[in-house]
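# Observations on the three-dimensional arrangement
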Amino acid sequence: MSDDIALSRAEVDAGIVRCDACPVLCRIRPGKSGACDRYANESGKLVRVDPLVLLERSEAPRVPFAEGAETWDGALGRGAFVTGIGATTTYPDYKPAPFIVSSRIDNVDMVTVVTEGIFSYCGVKVKIDSDRFLGPEQAAVRVRGEQVGHVTTAEYGSQMLSLGGVRHFTGGSKKEGVATCDTLLALCNREPVELAIDQGAAVVVQAGRAPVVNGTHEERMRVGCGSAAIGMFAPQWHGHVDEVIVVDDHITGVLSEHQGGRFLDMKPAGIRVRGRKSTPGRYFQVAEPGLGWGGTDVHDPLQIIEKIDPRVAWPGLKLLMVSTTGEHAAWYVLDQSLRPIEAEMPDAVRKVVERIAENCEPALCTVMFMAGAGGSLRAGVTENPVRLTRSVKDALTRVTCGGAPAYIWPGGGITLMVDVTRMPEKSFGYVPTPALVAPIEFTLRRDDYAALGGYAERAVALEDVLRSGKLETRAWPAAPSATGS
Ligand code: SF4
């Protein structure tokens, strides 16, 4: 041990222990914990505060956590899985992973290499099911005034944020790094976080829950764009309306011009909406983005009507205007001067508006943790790190985070992405460098592990892990529900 790591004689006499599980190298006094609260000094011994988490299938018996248990006297059913949660780490990474667990599955000898990874290169991609305008693409996303990420390309029915990443951890001020770390930790542990977007909205994001935009709970994810809504519901409107305009920030649909209306032999209605015509019945940029109808800034839908052609339209023409979620809808009849006059919506039309709403899915926030595990962490798995990367790419090694399946990006490295709602609660920790701590497990055949230069001789049976100290058994998290509750 080098001098700057070694404790002084006085520190040793005072019962202080040194934690070397991350570069912070805390000196921890008896009865106290280190800066991350994950390690503590218990009677002069460095201990991991949290128990090692095992997952069990729900049909197997559950065994409660026995704090301080020296031996395991519970029973575990087939299918128990040792996660990296509470496992301790490989840092400074040439140490073999803390748990290399052998098992036999369908007569094949397997090993699972279990560790807690310290990720400086990590972030989250947040999908927010909402049409509402959260902020312009590339706008800064802030917490406590610090930029922690930005608005990125919107997806179908969802606004997307990209938060964290090494530049916010290391490339700005210390405050920015700390705010980024706090934000990622809370989001990954499924806690609510309020994000402020430059030139946009304040949004509360919580994994698996509905977003709250400027204080309003989002309920529905739109059924589709305005053009798609026309395509889906045109036959149901036919015979009850002369025109339908589905207001959408991206693609506003106009039924009588749209292919959907043409197939139904609808006659032109002569109502021209604002914006740029893309193809028949499909208009872009009918308004500015906002918090109104269909993700536009429109609160009175008539604002998007540019003109009504007196050579084509007729008094008594029946017009429905509706948003892509069915949340907003209005019924108009043209008077003798061809002015749209709002009227009571007929039941047959209202039913179709309600069907739009019925076909919307609940609006949710999805938080995907994304990190690079292709660096030094691999040295805790094998003496020849690139072989682990190849093994993952060849699908010989399965990567999980807290038991949840991780998607591995093609190309170089082990760049993984995982849905935090599929991981056990409170799977994540942090260190003040700053960086996030996340569980990671590599599972492969024992002979493949030996072939890639792994520490196969260190593999221990599950029963030995169970005897190793503090344990907590949890049920495998259920697959994500679409209820949002
Ligand atoms: S921050 Fe945590 S992991 Fe890092 S040295 Fe201190 S106690 Fe150990």
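Attention in this report is confined to the structure presented alongside it. (Residues numbered from 1 in each chain as written. Predicted model: local features only at pLDDT ≥ 70, side-chain atom pairs only at ≥ 80, totals over all residues. Heavy atoms only, no water.)

## Thoughts on the environment of V143
What counts, and what does not: Helix and strand definitions here come from DSSP, where helices need a minimum of 4 consecutive H or I residues and strands a minimum of 2 consecutive E residues; each element is numbered from the N-terminal end. Any two residues whose heavy atoms approach within 4.5 Å at even a single point are treated as in contact.
Tracing the backbone through its elements, the reader meets V143 in strand β10 (residues 140–143). Considered as a pair, V143 and I197 are 54 residues apart in the sequence and their alpha carbons are 9.0 Å apart. Excluding anything up to four places from it in sequence, V143 contacts V148, A179, T183, V193, E194 and L195.

## Observations concerning the site of the ligand
Selection criterion: For this purpose, a residue is taken to be near a molecule or strand whenever a single non-hydrogen atom of the residue falls within 4 Å of it. When residues are grouped by polarity, Ala, Val, Leu, Ile, Met, Phe, Trp, Tyr, Cys and Pro land in nonpolar, Asp, Glu, Lys and Arg in charged, and all others, Gly among them, in polar.
In the vicinity of the ligand lie 13 residues, with C19, C22, L25, C26 and C36 positioned nearest. The residue inventory of the shell around the ligand, partitioned by class, reads eleven nonpolar, one polar and one charged.

## A look at the pattern of salt bridges
Note the threshold: Salt bridge, as used here: a side-chain nitrogen of Lys or Arg that lies within 4 Å of a carboxyl oxygen of Asp or Glu. Using a 1.4 Å probe on the protein chains alone, a residue whose accessible area is under 20% of its type maximum counts as buried, one over 50% counts as exposed, and one in between counts as partly exposed.
One pass over the full model with this rule turns up 21 salt bridges. Here K175 and E146 are joined by a salt bridge, their closest N and O atoms 3.9 Å apart. Placement of K175 in helix α3 (residues 174–188) and of E146 in strand β11 (residues 146–155) is noted, with a sequence separation of 29 residues between them. Judged by its relative accessible area of 15%, E146 is buried. The partner of R339 in a salt bridge is D335, with the nearest N and O atoms 2.9 Å apart. For D335, a relative accessible area of 18% corresponds to the buried category.

## Some thoughts on the packing of helix α4 (residues 226–237) against helix α6 (residues 347–358)
For clarity, the threshold we go by: Axis geometry follows a simple rule: fit a line to the C-alpha atoms, using only the stretch in contact for helices, then measure angles between N-to-C directions, giving values from 0 to 180 degrees. For classification purposes, angles smaller than 35 degrees are called roughly parallel, those larger than 145 roughly antiparallel, those between 65 and 115 roughly perpendicular, and all remaining angles oblique. In this scheme the crossing of two helices becomes right-handed for a clockwise turn of the near helix relative to the far one and left-handed for an anticlockwise turn of less than a right angle.
Packing of α4 against α6 leaves a shortest axis separation of 10 Å and a crossing angle of 155°. When the axes of α4 and α6 are compared, the pair comes out roughly antiparallel. Considering the relative orientation of α4 and α6, their crossing is right-handed. Between α4 and α6, the residues in contact are F233, Q236 and W237 and V352, R355 and I356, respectively. In terms of residue class, the contact of α4 with α6 is built from four nonpolar, one polar and one charged.

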